[in-house]
Amino acid sequence: MSVRSDVARMSAYTLELRMAEVKLNQNESPFDFPQQLKQQVLDRVAKRSWNIYPDFESISLRAALASAYSSPPPPAQRGEGPGVRGLTPDNILVGNGSNELLAAAIGAYAGPGTPVIFPRPTFTLYEKLITIAGGLALPIDFDPDSGFLPLERMLDTITQHPGAVVILCSPNNPTGGVLPEGGLDRLLESGATVLFDRAYGDFADDALPPLHERLVTFSTFSKAWGLAGLRVGWLASTAENCREIRKVKLPYSLNIISETIAEVALGNREIRDRNVAAIVSERARVAAALGENPRITLFPSSANFLTFRTQRPCKEIFEALCARGILVRDVSSYPRLENCLRVSIGSREQNDRFITALKETA
Ligand SMILES: Cc1ncc(COP(=O)(O)O)c(C=O)c1O
């Protein structure tokens, strides 16, 4: 039995499994969900019937998201921008991590031969999903030094490929850079369909953008909410777009436990706010420490990680950090990221260990 040749040429999304005392390789939050809220989730879930399928439409979670992110937000939510006018549960789909929703949306918008434009280096899943859909992948390679995504070159490429789909994350993983101010509006004005992944948007103080007929935004509980183990993501778009994407998405992808955790989290938004404030302040501290080292080139980052180029071969530094109990991500195989490592921002103590270890090794 032979698989499709384009799939045979692909590699699976994977990560070498390494144990480390200080795990700073997957952009996870260093802060666990509070114990008493975990207990609250367990109590609520224990009252449910586990022999019954979850609500097919995830209505209560979608309603909780719509109310949390609609305008005007309740006073406690002001930290995250003005909220989206007219956001209702019909504008929202939830999935088993935003990965699942990215796959559904690419499946819905990119068929065989559809031009799909994306900045590169970026989250490698995008290119895989485009390949699986049979789309025409149009990567825009860029250097991460400026801290910005290559907006003008993306716009030029859209002009050459009318009807293109654009997929990007801002802040971008793994470089940390963002779209220049007004970039999303300009992409939408160009006529492209934009799949906008805001997995790290909270760390850049970006609000959920207003609804637009050619815009789908993807958000996740994995980063700012510190709930990567939960596997819940959500997308927002017009009701019509949500209806179409839902045809591609798998049914019942959220279980009753994940739904309950997400709802409890939304009822306790100060957790997200505290996480974000701590990470943003630590990011500045770690960046300043790295900036003092002349053998390191640090790229500007608005995310919960920092990416930097080393003078010594980065693989040697990666191993030396591992030997000191610190696991970072070797991103040197990405285009334009030779000799680069990425470190997630951890707790103050984790960051101190990383800073000290890097001083000794880089
Ligand atoms: C840009 C980007 N989008 C999406 C995801 C995945 O999010 P989720 O955990 O919700 O599937 C990641 C995970 O690292 C990411 O970096």
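Along each chain, residues carry numbers from 1 onward, in the same order as the chain's sequence is written. Only residues with pLDDT of at least 70 get local features here, since the model is predicted, and only at 80 or more are side-chain atom pairs given and counted; chain-wide, interface and lining totals rely on the full set of residues.

(A) Broad picture of the overall build of the protein chain. Helix and strand content of the protein chain: twelve helices and 13 strands. In summary, the protein chain has a C-alpha radius of gyration of 20 Å against a globular reference of 21 Å for 362 residues, a match within 12%. Principal axes of the C-alpha set define a box for the protein chain whose edges measure 55 × 55 × 50 Å. To sort residues by exposure, count the other C-beta atoms lying within 10 Å of each residue's C-beta; 20 or more gives buried, 12 or fewer gives exposed, and values between give partly exposed, all with C-beta atoms placed from the backbone. Looking at the protein chain as a whole, 43% of its 362 residues qualify as buried. Helix and strand definitions here come from DSSP, where helices need a minimum of 4 consecutive H or I residues and strands a minimum of 2 consecutive E residues; each element is numbered from the N-terminal end. C-alpha atoms define the radius of gyration, and 2.2 Å times the number of residues to the power 0.38 defines the globule rule.

(B) Representation of the site of the ligand. We call a residue near a molecule or strand when its C-beta atom, built from the backbone, sits within 6 Å of it. Residues in close proximity to the ligand total 13 residues, the closest being Gly-97, Ser-98, Asn-99, Thr-220 and Ser-222. Basically, the charged four are Asp, Glu, Lys and Arg, the nonpolar ten are Ala, Val, Leu, Ile, Met, Phe, Trp, Tyr, Cys and Pro, and anything else, Gly included, counts as polar. Partitioned by chemical class, the residues of the shell around the ligand number four nonpolar, eight polar and one charged.

(C) Spatial organisation of the sheet that holds strand 2 (residues 92–95). With mixed pairing, seven strands are arranged side by side in an open sheet as 2-8-7-6-5-3-4. Looking along the sheet, the strands with just one partner apiece sit at the ends: strand 2 and strand 4 (136–141). Mean inter-strand twist for the sheet, computed between neighbouring axes without regard to direction, equals 20°. Pairing between strands is defined by DSSP: at least two bridges between them are needed. The sheet contact formed by strand 7 (residues 215–220) and strand 8 (residues 233–236) spans four bridges and is antiparallel. Axes, fitted as lines to C-alpha atoms, cover a helix only where it is in contact. Angles between the N-to-C directions of the axes lie from 0 to 180 degrees.

(D) Structural detail: the pairing of strand 13 (residues 340–344). Burial within strand 13 is extensive, with five of its five residues counted as buried. Where burial is concerned, the two faces of strand 13 agree: the one with Cys-340, Arg-342 and Ser-344 and the one with Leu-341 and Val-343 are both buried.

(E) Structural view of helix 3 (residues 59–69). Listed as buried for helix 3 are Leu-61, Arg-62, Ala-64, Leu-65, Ala-68 and Tyr-69. Along helix 3, the residues classed as buried sweep out an arc of 160° about the axis, all on the same side. Comment: arc refers to directions from the helix axis out to C-beta atoms.

(F) Structural detail: the packing of helix 4 (residues 98–109) against helix 8 (residues 239–248). Look at helix 4 against helix 8: their axes get within 8 Å of each other, and the N-to-C directions meet at 105°. Viewed along their axes, helix 4 and helix 8 adopt a mutual orientation that is roughly perpendicular. Where helix 4 approaches helix 8, its residues Ala-104, Ala-105, Gly-107 and Ala-108 are matched on the opposing element by Glu-244, Ile-245 and Val-248. Grouping the constituent residues of the contact of helix 4 with helix 8 by class yields five nonpolar, one polar and one charged. Angles are sorted into four bins: roughly parallel if under 35 degrees, roughly antiparallel if over 145, roughly perpendicular if 65 to 115, and oblique for all others. Here, residue contact means that the backbone-derived C-beta atoms of the two residues sit within 7 Å.

(G) Local environment of unusual backbone geometry. Following Ser-170, the chain continues to Pro-171 via a peptide bond in cis, the omega torsion being -5°. Within the fold, Pro-171 resides in the loop between strand 5 (165–169) and helix 7 (183–189). Following Asn-173, the chain continues to Pro-174 via a peptide bond in cis, the omega torsion being 15°. Looking at the secondary structure, you find Pro-174 in the loop between strand 5 and helix 7. A positive phi angle is found at Tyr-252, which is not glycine, with a value near 55°. Of note, Tyr-252 is situated in the loop between helix 8 and helix 9 (256–266). In this structure, Arg-336 is a non-glycine residue whose phi angle is positive, near 65°. Inspection of the secondary structure puts Arg-336 in the loop between strand 12 (329–330) and strand 13.

(H) Here's a closer look at the domain arrangement of the protein chain. Domain start and stop positions are those given by an automatic or database domain assignment. Domain assignment breaks the protein chain into domain 1 (5–31 + 271–361) and domain 2 (47–267). For domain 1 and domain 2, the distance between their C-alpha centres works out to 24 Å. Every element with two or more residues in the side of domain 1 that touches domain 2 is listed here: helix 10 (270–291) and strand 10 (305–310). Of the residues forming the side of domain 1 that touches domain 2, the biggest block, seven residues, is contributed by helix 10. Partitioned by chemical class, the residues of the side of domain 1 that touches domain 2 number 16 nonpolar, seven polar and six charged.

(I) Spotlight on the pairing of strand 8. Along strand 8, one buried face is formed by Gly-233 and Leu-235 and the opposite face, lined by Trp-234 and Ala-236, is buried too. For strand 2 and strand 8, the ladder comprises four bridges, and the chain directions are antiparallel. Bridging from a neighbouring strand, Ile-92 pairs with Ala-236 of strand 8.

(J) Summary view of the packing of helix 10 against helix 12 (residues 348–361). In contact at an axis separation of 11 Å, helix 10 and helix 12 are set at 10° when each is read in the N-to-C sense. Relative to helix 12, the element helix 10 lies roughly parallel. Residue-level inspection shows Glu-282, Arg-285, Val-286 and Ala-289 of helix 10 in contact with helix 12, the latter providing Arg-348, Asn-351 and Ile-355. Considering only residue class, the contact of helix 10 with helix 12 consists of three nonpolar, one polar and three charged.

(K) The arrangement of the sheet that holds strand 12 in detail. Across the sheet, which stays open at both edges, the four strands sit in the order 9-10-13-12 with antiparallel pairing between neighbours. In this open sheet, the two edge strands, each paired with only one partner strand, are strand 9 (296–298) and strand 12. Across two bridges, strand 12 lies against strand 13 in antiparallel orientation. Across the sheet, the residue bridging to Asp-330 is Leu-341, located in strand 13.

(L) Here's a closer look at the environment of Ala-103. Within the fold, Ala-103 resides in helix 4. C-beta crowding within 10 Å serves as the criterion here: with 20 such atoms nearby, Ala-103 is assigned to the buried category. In this structure, the C-alpha to C-alpha distance between Ala-103 and Ile-245, residues 142 residues apart in sequence, is 9.8 Å.

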